[in-house]
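If you want the building blocks of each chain, they are given just below.
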2 protein chains.
Amino acid sequence: MKINRNFDNLVPNYLFADVARKTNEFAAAHPEKEIIRLGIGDVTLPLAPIVVAAMKKGCEDLLHKETFKGYPEYEGYDFVREAIAGYYGSFGVTVHADEIFVSDGAKSDCGNLPDIFAQDNTVLVTDPVYPVYVDANLMAGRNIIYAPSCKENNFLAMPDENVKADIIYLCSPNNPTGAAYSADQLAVWVDYALKNDAILLYDAAYEAFIEDGSPRSIFAVDGARQCAIELCSLSKTAGFTGTRCGYTVIPKELKRDGHSLHELWYRRQATKFNGVSWPVQCAAAEVFGREGLQQIRENLEYYKQNAKIISDALDELGIYYTGGKNSPYIWMECPGGMGSWEFFDYLLQNAAVVGTPGEGFGKSGKGFFRLTSFNSREKTLEAVGRIKNLLK
Amino acid sequence: MKINRNFDNLVPNYLFADVARKTNEFAAAHPEKEIIRLGIGDVTLPLAPIVVAAMKKGCEDLLHKETFKGYPEYEGYDFVREAIAGYYGSFGVTVHADEIFVSDGAKSDCGNLPDIFAQDNTVLVTDPVYPVYVDANLMAGRNIIYAPSCKENNFLAMPDENVKADIIYLCSPNNPTGAAYSADQLAVWVDYALKNDAILLYDAAYEAFIEDGSPRSIFAVDGARQCAIELCSLSKTAGFTGTRCGYTVIPKELKRDGHSLHELWYRRQATKFNGVSWPVQCAAAEVFGREGLQQIRENLEYYKQNAKIISDALDELGIYYTGGKNSPYIWMECPGGMGSWEFFDYLLQNAAVVGTPGEGFGKSGKGFFRLTSFNSREKTLEAVGRIKNLLK
């Protein structure tokens, strides 16, 4: 018996553990200080009432023989897939209901989708990066290459024609930088993928935050149906981080090696997954109804307003950042040439504000710092006041 | 870009599609006949009231800022893991809460657990077999060997000392045969695993049906903590097929190649999974409370009584079978030397009763046939009456 030795290649990431430890030490040393956490990566506002009502109705169904639900379809119930297809239509993108796979979350799909690809493909990720893309592929023994995002490209890495990649993860709006690709930039990526026979795994988990007309789906770009798979999630769109639901779109015509990727993924899911909980699917469908969309918009606006409060302050202070628009994340340059952890300590010690050191997301994050808009309005305002006082 | 060519090794299984097609053809040709399906592999009775109440309460929590739940722990909430540990204790098996991983179902865990093992391990399954064990490992390019279950060993395959296996799937009570290993038999498997440095992946999904004192967990067997991982599910225990919740137990001391398998699986889950829905975890914990256990017992008894009605009839007819006790499945020998499909047609044409041809579960299923106890009492009685009339 041999274990999977590729796990040895995983680099333990103590980012959030170190943040918590330092924060706790500061709290113990300064019990009188009110610490404000602008490092939160999780939503904090409750679900929309109509969504919870649908979820409860789904629970009630399970209580009666006549409405009881057993094993769901592996790819999700049709009414959920149709609701998602309708949502795509609402921002002008055509995706067919039968191209959609409903899942327990985009993270699972990000990690599991490589199952359908050979081990000896080269994976490209942009750096800084959501660690799941890297770790899931290291576990499978794949070679990973990095496209640096940096101030010079506004943290929107573009393809290098001299580099040959087979599987490319793009996240737009990006976690952690908040930067969102324009249609023209995505067209360049699609072009690269088509020329290189590559597949784009496009993580659109933050699409609901887009407000400047940037594409909300890779399928808004010509040619994407021949080279892209899109992953999305209700986590940030509708506060489903603890409710668990996501979806993946694989165009029916998307083929490689003569195989339909849609069919391969269906086979993978049919074998290693058994569908999403009935009440959760009921809730998910309701998110994309007319009233659901209206109700979730209130929470999205709340977070967006927080993001604007933070980015307005950085504008005032003349600090470079990405995100703040189109994203719940603000990715700021550490002032005065400080390093990520240096600035973390400085902000904690002098303003009792906690953020996330950018270098925790990859080499290219050095000297940067992530703030998030998921705290309350009141605390966000207070934290921003302290930051302005400190850095002005 | 290369796809995973191991998918080419998957054999398409049209078992249930063929059953449905033949059944529909018969229904079209004989609209006057009432067809009774004893091939159902899914539960049909609703969830226990106290479980649904807990699930609804979980939904309500998501509606209020004070009780809202975001990202869950990857391994499940402590109160759920403690409830499961308590359940183990109720039948005399010690499993620690922190050895338990809560998941969206045992099927996912069955399919994903091999992620932590190297590709060049040899996988052993008993035949007939739950197809997930085979297909998940074929996808990963592993070699699979079969231990035949047959009439001679009462469909309880035992290890062959001349065969070297690294990963061994055991399912007891078995799907599809309903046969349950005794403590002595499991001790032989544990002994084999320890001698061969192998790992048992023990699927206990049907343990709640055990009534004759057979072990309900591999951890009832000495030495198992050094060689076994147990997978279990609330699907059949508490009717969660559409609610989705399972759990996997990996003893902390279980190591291979100097690595803790518990830690490897934690790392896998932390990377490629994001935990189980809050309302579902609330419901799962309630299953294992005092009142929950009492309420789920009613459904279990109902199915068990159906199984007894079927197996009593086979006893009367002098037909060999396994299961019927300890299991919702009855695995019968086709009468008169008929083949699996031959008997399927015979039963459909002459009694309008539908079952599942055994050869759909593997070579060793030839000449056998699976009946299930998940239909209503009334229809089970009616079907059994017809079968007795036909075969007496």
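Presented here is a report on the structure given in the accompanying data block.

Focus on unusual backbone geometry
Link 1 in the chain: With omega at 20°, the peptide bond leading from N175 of chain A into P176 of chain A counts as cis.
Link 2 in the chain: Within the secondary structure layout, P176 of chain A lies in the loop between β5 (167-171) and α6 (183-196).
Link 3 in the chain: Omega for the peptide link from S172 of chain B to P173 of chain B comes to -5°, which places this bond in the cis form.
Link 4 in the chain: Along the chain, the position of P173 of chain B falls in the loop between β5 (167-171) and α6 (183-196).
Link 5 in the chain: Positive phi outside glycine occurs at R244 of chain B, with the angle close to 70°.
Link 6 in the chain: Looking at the secondary structure, you find R244 of chain B in the loop between α7 (234-238) and β8 (246-249).
Link 7 in the chain: In the Ramachandran plot, N326 of chain B falls in the positive-phi region, its phi being about 60° despite a non-glycine side chain.
Link 8 in the chain: Of the residues examined, N326 of chain B reaches a relative accessible area of 7% and is grouped as buried.

Some points on the packing of aromatic side chains
Residues and elements named next belong to chain A.
Link 1 in the chain: All told, the structure shown has 48 aromatic pairs over all chains when counted by the stated rule.
Link 2 in the chain: Members of the aromatic cluster, each reached through a chain of ring pairs, are F16, F155, Y320, W331, F361 and F368.
Link 3 in the chain: A cation over an aromatic ring shows up here: K151 above the ring of Y320, its NZ or CZ 5.1 Å from the ring centre.

Thoughts on the relation of the copies chain A and chain B
Link 1 in the chain: Under the fitted operation, chain A is carried onto chain B by 0.0 Å of movement along the axis and a turn of 180°, and the coordinates agree to an RMSD of 0.0 Å. Within this description, the copies of the chain are treated as partners about a two-fold rotation axis. Distance from the rotation axis, computed per C-alpha, reaches its smallest value in chain A at K56 of chain A: 2.8 Å.
Link 2 in the chain: The overlap is high: 100% of the interface residues of chain A also sit at the interface in chain B, so the same surface is used on both sides.

Brief notes about the pairing of strand β4 (residues 143-148) of chain A
All names here are of chain A.
Link 1 in the chain: In this sheet, β4 lies alongside strand β3 (residues 122-127) in parallel orientation, the contact comprising 6 bridges. Looking across to β4, one finds that V125 is bridged to Y146.
Link 2 in the chain: Note that the unit made of β3, helix α5 (residues 131-139) and β4 has a crossover that is right-handed.

Description of the interface of chain A and chain B
Link 1 in the chain: Facing the 80 residues of chain A at the interface are 80 residues of chain B.
Link 2 in the chain: With both chains or domains summed, chain A and chain B bury close to 6600 Å², and 56% of this area falls on carbon and sulfur atoms.
Link 3 in the chain: At the junction of chain A and chain B, the tally comes to 8 salt bridges.
Link 4 in the chain: Measuring nitrogen to oxygen at the nearest pair gives 2.9 Å for the salt bridge that ties D135 of chain B to R267 of chain A.
Link 5 in the chain: Taken together, the connections running from chain A to chain B amount to 42 residue pairs in polar contact (both at pLDDT 80 or more).
Link 6 in the chain: Secondary structure elements with two or more residues in the side of chain A that touches chain B: α2 (49-61), α4 (106-112), α5, α7 (234-238), α8 (261-272) and α9 (278-287) of chain A.
Link 7 in the chain: Top contributing element to the side of chain A that touches chain B by residue count: α8 of chain A, with 8 residues.
Link 8 in the chain: Of the residues belonging to the side of chain A that touches chain B, the class tally is 37 nonpolar, 21 polar and 22 charged.

As for the pattern of salt bridges
Link 1 in the chain: Going through the model one piece at a time under the given rule, you end up with 54 salt bridges over all chains.
Link 2 in the chain: The partner of K57 of chain B in a salt bridge is D61 of chain B, with the nearest N and O atoms 3.0 Å apart. One end of the pair, K57 of chain B, and the other, D61 of chain B, are both in helix α2 (residues 49-61), 4 residues apart, so they sit about a helical turn from each other.
Link 3 in the chain: One salt bridge in this structure joins D191 of chain B and K195 of chain B, with 3.2 Å as the shortest N-O distance. Placement of both D191 of chain B and K195 of chain B in helix α6 is noted, with a separation of 4 residues, approximately one turn of the helix.
Link 4 in the chain: By relative accessible area, D191 of chain B is classed as partly exposed at 36%.
Link 5 in the chain: A cluster of three or more residues bridged by salt bridges with shared partners is formed by E34, K379, E382 and R386 of chain A.

Considerations on the sheet that holds strand β6 (residues 199-203) of chain A
Strand pairing within a sheet occurs via backbone hydrogen bonds; the two strands may be parallel or antiparallel.
All names here are of chain A.
Link 1 in the chain: The mixed open sheet is built from 7 strands, whose spatial order is β2-β8-β7-β6-β5-β3-β4. Either end of the sheet is taken by a strand with one partner, and the two such strands are β2 (100-103) and β4. For this sheet the average axis-to-axis angle between neighbouring strands, irrespective of direction, equals 20°.
Link 2 in the chain: Contacts from α5 reach β3, β4, β5 and β6, with the element oriented near 160° to β4.

Re the state of the cysteines
Linking two cysteines covalently via their sulfur atoms produces the bond known as a disulfide.
Link 1 in the chain: Under the defined criterion, the tally for this structure stands at 0 disulfides over all chains.
Link 2 in the chain: Between C171 of chain A, a free cysteine, and C110 of chain A, which holds the nearest cysteine sulfur, the sulfur-to-sulfur gap is 8.0 Å.

The rules we used
Residues numbered from 1 in each chain as written. Chains lettered and ligands numbered in written order. Predicted model: local features only at pLDDT ≥ 70, side-chain atom pairs only at ≥ 80, totals over all residues. Heavy atoms only, no water. Helix = DSSP H or I, 4+ residues; strand = E, 2+ residues; numbered from the N terminus. Buried < 20%, exposed > 50% of the residue type's maximum accessible area, 1.4 Å probe, protein only. Phe/Tyr/Trp six-rings, centres within 6.5 Å; stacked < 30°, edge-to-face > 60°. Lys NZ or Arg CZ within 6 Å of the ring centre and 35° of its normal. Least-squares fit on C-alpha atoms with pLDDT ≥ 70 in both. Contact = heavy atoms within 4.5 Å. Pairing = 2+ DSSP bridges. Right-handed = clockwise from strand over helix to strand, strands pointing away. Buried area = accessible area lost by both parts, 1.4 Å probe. Salt bridge = Lys/Arg side-chain N within 4 Å of Asp/Glu carboxyl O. Polar contact = N/O pair within 3.5 Å; in protein donor to acceptor, adjacent residues only side chain to side chain. Nonpolar A, V, L, I, M, F, W, Y, C, P; charged D, E, K, R; others polar. Axes fitted to C-alpha atoms, helices over the stretch in contact; angles between N-to-C directions. Disulfide = S-S within 2.5 Å.

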